[in-house]
Amino acid sequence: PSMLIRGYTSLSAGQSPLIVVDGVIFGGSISDLSTSDIERVDVLKDASSAAVYGSRAANGVIIITTRKGTSEKPMFNFNTYHGIQQMGKKVMMAGGEKYVQKILDWRSIIGQTADPAQIENYLQPLEVQNYRDKTYTDWFDLLTRDAAPLSQYDLSVSGKTAKTNYYLSGSLTSQNGVVIGDDFKRSTLRANFSNQINEWLNIGLNASFSHRDYSGQAVEFRERATFASPLSTVYADKKNNILNMWP
């Protein structure tokens, strides 16, 4: 996601607003924060932001206040949700017969030779032609999910005494994209702690940790799935399920 507070303020410089978390300028991305840890969000967009933060507030300021303990007894909170993601509309791919009419004829016109494996697959009886319900290969369908799962778990404990206030939390997000291999995971930890030592001394700690995992190997499927032949053999190596579509 991206945010614009005051519109475009420069032709070449960045447009992102300044993010301040618990009074400290935040150098990371707003996606590093767990929404369950946020108590309040304030937006400064006028001269007041420049008066406090100077030129860095040219694109506006987002002030985020995280949660703290509110009860003398320890409070445990656990939230979770699960959902699915689906494509709004799938692309309908041409079958083998239409592919032969439109593509292989075109190849012969320009002097290209069809892949022998494609010719063999086309000439085979329909019941042994390919591996997906005895139909021609639909690469778009092969590389996408009908329902991609999404889940998030949030756990926190908080409390306060006459001199001490604490808030500890952890969050785990797991998201699979509609494209097979397009997977994302995020884990966050937060610790807010303060203690009134005496009348004039208060010590505190606001610490956070975030790890985002984009290691899923998503296929650049749109172009490849659109132009891949429905007569192609799906697997170059059936034993190891190696797709024949790319190196």
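Residues numbered from 1 in each chain as written. Predicted model: local features only at pLDDT ≥ 70, side-chain atom pairs only at ≥ 80, totals over all residues. Heavy atoms only, no water.

Chemist: In this structure, what is going on with the packing of aromatic side chains? I would like to understand it.
Modeler: One pair of aromatic rings is described through two measures. These are the centre distance and the angle between the planes. All told, the structure shown has 1 aromatic pair when counted by the stated rule. Pairing Phe184 with Tyr214 gives two aromatic rings, centres 5.1 Å apart and planes at 40 degrees, and the pair type is tilted. Within this pair, whereas Phe184 is found in strand β8 (residues 183-196), its partner Tyr214 is found in the loop between β9 (202-213) and α5 (221-227), the two being separated by 30 residues in sequence. Residue classification places Tyr214 among the exposed positions, given a relative accessible area of 54%. (Phe/Tyr/Trp six-rings, centres within 6.5 Å; stacked < 30°, edge-to-face > 60°. Helix = DSSP H or I, 4+ residues; strand = E, 2+ residues; numbered from the N terminus. Buried < 20%, exposed > 50% of the residue type's maximum accessible area, 1.4 Å probe, protein only.)

Chemist: So what exactly am I meant to see when it comes to the pairing of strand β1 (residues 18-21) here?
Modeler: A regular strand carries its side chains on alternate faces of the sheet. The two faces of β1 match: Leu18 and Val20 on one face and Ile19 and Val21 on the other face are all buried. In terms of strand pairing, β1 meets strand β4 (residues 61-66) through 4 bridges, oriented parallel. Looking across to β4, one finds that Leu18 is bridged to Val61. Here β1 runs beside strand β2 (residues 24-25); their pairing, made up of 2 bridges, is antiparallel. Bridging from a neighbouring strand, Val21 pairs with Val24 of β2. Here β1 folds back onto β2, and the loop between the two strands holds 2 residues, one of which, Asp22, carries a positive phi near 55 degrees. (Pairing = 2+ DSSP bridges.)

Chemist: Please explain the side chain of Asn165 as it appears in this structure.
Modeler: Inspection of the secondary structure puts Asn165 in strand β7 (residues 164-176). On the basis of relative accessible area, Asn165 is assigned to the buried category, the value being 16%. One polar contact links the side chain of Asn165 to the main-chain amide nitrogen of Gly69, over a distance of 2.8 Å. (Polar contact = N/O pair within 3.5 Å; in protein donor to acceptor, adjacent residues only side chain to side chain.)

Chemist: So what exactly am I meant to see when it comes to the pairing of β4 here?
Modeler: In terms of burial, β4 is largely enclosed, as 6 of its 6 residues are buried. Burial along β4 is two-sided: the face carrying Val61, Ile63 and Thr65 and the face carrying Ile62, Ile64 and Thr66 are both buried. With 6 bridges joining them, strand β3 (residues 38-44) and β4 adopt antiparallel strand pairing. Following the sheet pairing, Ile38 is matched in β4 by Thr66.

Chemist: Before we go on, may I ask you to explain the environment of Ile30 in this structure?
Modeler: Note on placement: Ile30 falls in the loop between β2 and β3. C-alpha of Ile30 to C-alpha of Ile64: the two residues are 34 residues apart in sequence and 9.9 Å apart in space. If we ignore the near neighbours within four places in the chain, the residues touching Ile30 are Met3, Ile19 and Ile64. (Contact = heavy atoms within 4.5 Å.)

Chemist: Quick question: what am I supposed to make of the pattern of salt bridges here?
Modeler: Pairing between side chains becomes possible if they bear opposite charge and their charged atoms approach one another. Overall, the coordinates contain 4 salt bridges when judged by the stated rule. Among the ionic pairs, Arg212 bridges to Asp32, the shortest N-O distance being 2.9 Å. Taken together, the positions of Arg212 in strand β9 and Asp32 in the loop between β2 and β3 put the pair 180 residues apart, joining distant regions of the chain. (Salt bridge = Lys/Arg side-chain N within 4 Å of Asp/Glu carboxyl O.)

Chemist: Before we go on, may I ask you to explain the sheet that holds β7 in this structure?
Modeler: Note on sheets: strands pair through backbone hydrogen bonds, and any given pair is parallel or antiparallel. Sheet architecture is open: 5 strands sit in the order β5-β6-β7-β8-β9, paired in antiparallel fashion. Lying at the two open borders of the sheet, with one neighbouring strand each, are β5 (75-85) and β9. Taking each pair of neighbouring strands and ignoring which way they run, the sheet shows an average axis angle of 5 degrees. Pairing of β5 with strand β6 (residues 148-160) involves 11 bridges; the strand directions are antiparallel. Paired with Asn77 across the two strands is Ser156, which belongs to β6. (Axes fitted to C-alpha atoms, helices over the stretch in contact; angles between N-to-C directions.)

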